[in-house]
Amino acid sequence: MTEIKFHTGLVVPERVITNVNEFAHQDFTPNWLSSLPRVIEALCAKWQIALEPVIGDTWITVVLFGTSPDLGPVVIKSSPNAVDFVAQARAFEIGAGDNVPRLYDLDLEHCTMVMERIVPGTELRHVEMDDEVSTRIGAETLRTFWRPVSDVEGLMPQRRVMQPLFDWTPEPELIDTGLVAQAQQLAASLLQRSTRTCLVHGDFHHWNVLQRTSGEWVLIDPVGIVGDPASDIARWMHNPPEIAVREDFLDVAARRIRIWADVTGIDADELASWALVGNVLNAINCTAFAPEVMQTCIRVAHRLQTLVRR
C-alpha cells in the first residue's frame, strides 16, 4: 500500500486509503488521494495554518486540525466523494449561524474545505446529564438549523436518499422482510403527504452536537439533504448505542418523541413513523460495512413498531 504523507510528516490512515481504493468506482474525484498533500500544503500556506500532529479517525474522509493566526482553531476536511462534499458545503452555506461551524474556505475542485473548529468541542455524548435534558438540547439546537431552501442545487433530495429502502432485495437472514415492508409503506405515505421541505441535517446524533467554551451548542457534519425535518429524529433514536438494549427503551423513546414534538411542533405520531423508517433505512445502508450498527437499528425499529400508529 502506497503511503500518503503530508508536508508535516502526518500520514493518511491505511483504513482511508483502503476504503478509497475499494470504492473508487463510485464516481470519486480523480486523483483525490495523490493530490491531497499538495492541496493541504497550499491551504496551510494561504492561511498560515499550523497543523497538529493528529488526524481524525474517519472511514473515507480526511480530517485535519490546526490553528491559523487569522482564523483561529480550524478543521480541514477533504472527501473523495464530490456529490457528498458539495451537499455538505451547501448545508454549511445555507445553514450558517451561531450553531453551525463557520466555513472559511472551499476548494470544490479538490473537495476540500477549511472551517471553524469548535473549542473545546465537547460532544454531547460525553456530557453527564439526564436523557431528557440532552434530548431537549439536541432538538433545540437542530430546530434553528432547519430553514427553507430556495435553490436546491447541490443538495440531496430526500427521495434519492431513501431509495435504498425501496430498492432493497429481501435478505431475511439480515433484516426481517415484514419490518422492511412496513417501513416501505410508511415511507411512501410520509413522502406523499409531506408538506414541509427544508434543509435537514441527515446525520443528527449525540456525537454531532459539540459545546463551545461559552456553553452554547453547535451541530457539525450535516449531510446536506432537502426534505422533511421530521426525518432527522431517526439517528437520534438509536444513539447512544446502549440505549437500544435498555429494558425501558420504549419509555425513553416515547419521552424523546414527546420532547421533539414539544420543541419542533411536529406531530408525535409522524416523528415515530419517521424514526422507524429511518432506522430501517440505516440498517440497510449499514449491511455491507457496519453490522453492529445494522443490528442496533433493526432492534430499535422493531421496538418502535409499538409506537407507530399509522
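Residues numbered from 1 in each chain as written. Predicted model: local features only at pLDDT ≥ 70, side-chain atom pairs only at ≥ 80, totals over all residues. Heavy atoms only, no water.

What follows deals with the overall build of the chain. Scanning the chain from N- to C-terminus turns up 11 helices and 11 strands. What you see for the chain is a C-alpha radius of gyration of 20 Å, in line with the 19 Å of a compact globule of 310 residues. With the principal axes as the frame, the chain shows a C-alpha extent of 55 × 45 × 40 Å. Looking at the chain as shown, the accessible area adds up to about 14400 Å², and 50% of this sits on carbon and sulfur atoms. A gap of 4 Å separates the mean positions of the 26 positive and 41 negative side-chain charges of the chain. (Helix = DSSP H or I, 4+ residues; strand = E, 2+ residues; numbered from the N terminus. Rg over C-alpha atoms; globule rule 2.2 N^0.38 Å. Areas by Shrake-Rupley, 256 points an atom, 1.4 Å probe, with all protein chains shown as cover. Lys, Arg positive; Asp, Glu negative; His and termini not counted. Charge placed at Lys NZ, Arg CZ, Asp CG, Glu CD.)

A few words on the pattern of salt bridges. As enumerated under the stated definition, the model contains 14 salt bridges in all. Ionic pairing is found between R102 and E116, a salt bridge with its closest N-O pair at 3.3 Å. Taken together, the residues R102 in the loop between α3 (82–94) and β4 (103–107) and E116 in strand β5 (residues 112–116) connect sequence positions 14 residues apart. R102 sits in the partly exposed class, given a relative accessible area of 46%. On the basis of relative accessible area, E116 is assigned to the buried category, the value being 7%. With a shortest N-O distance of 3.0 Å, R136 and D262 are connected by a salt bridge. One end of the pair, R136, is in helix α4 (residues 131–143); the other, D262, is in helix α9 (residues 249–264), with 126 residues separating them in the sequence. Overlapping salt bridges, with partners in common, bring together R102, E116 and R212 in one network. (Salt bridge = Lys/Arg side-chain N within 4 Å of Asp/Glu carboxyl O. Buried < 20%, exposed > 50% of the residue type's maximum accessible area, 1.4 Å probe, protein only.)

Relative orientation of the contacting elements helix α7 (residues 177–193) and helix α10 (residues 268–286) amounts to 130°, with a least axis distance of 9 Å. The orientation of α7 relative to α10 falls into the category oblique. Crossing angle aside, the handedness with which α7 passes α10 is left-handed. Along its contact with α7, which presents L179, V180, Q182, A183, L186, A187, L190 and L191, the element α10 presents E270, S273, W274, L276, V277 and V280. (Axes fitted to C-alpha atoms, helices over the stretch in contact; angles between N-to-C directions. Parallel < 35°, antiparallel > 145°, perpendicular 65-115°, else oblique. Left-handed = near helix turned anticlockwise from the far one by under 90°. Contact = heavy atoms within 4.5 Å.)

On to the sheet that holds strand β6 (residues 120–123), then. With antiparallel pairing, three strands are arranged side by side in an open sheet as β6-β9-β10. The open sheet terminates on both sides in strands that have one partner only, identified here as β6 and β10 (217–219). The mean angle between the axes of side-by-side strands here comes to 40°, regardless of whether they run parallel or antiparallel. Pairing of β6 with strand β9 (residues 209–212) involves three bridges; the strand directions are antiparallel. Counted as the bridge partner of E123 is L210 from β9. (Pairing = 2+ DSSP bridges.)

This structure, assessed with the given rule, holds zero disulfides. Just so you know, C111 is unpaired, no disulfide at all, and the nearest cysteine sulfur is the one on C44, 18 Å from it. No disulfide involves C286; its sulfur sits 5.7 Å from that of C297, the nearest cysteine. (Disulfide = S-S within 2.5 Å.)

Right, let's get into the pairing of β5. In terms of burial, β5 is largely enclosed, as five of its five residues are buried. Pairing of strand β3 (residues 72–78) with β5, which is carried by five bridges, proceeds in the antiparallel orientation. When the sheet's bridge partners are listed, S78 is paired in β5 with T112. Pairing between β4 and β5: four bridges, direction antiparallel. Bridge pairing links L103 to M115 in β5.

In this section: the environment of D251. Among the secondary structure elements, D251 is positioned in helix α9. Given a relative accessible area of 46%, D251 falls into the partly exposed group. Distance from D251 to V161, taken between C-alpha atoms, is 30 Å for residues 90 residues apart in sequence.

Take R303: it is sitting in helix α11 (residues 291–304). In the structure, R303 is positioned 55 residues away from D248 in sequence and 11 Å away in space, judged by C-alpha atoms. Contacts of R303, omitting those with residues within four sequence positions, involve A244, V245, R246, E247, F249 and L250. Here the side chain of R303 touches R246 through a polar contact of 3.1 Å, landing on its backbone oxygen. (Polar contact = N/O pair within 3.5 Å; in protein donor to acceptor, adjacent residues only side chain to side chain.)

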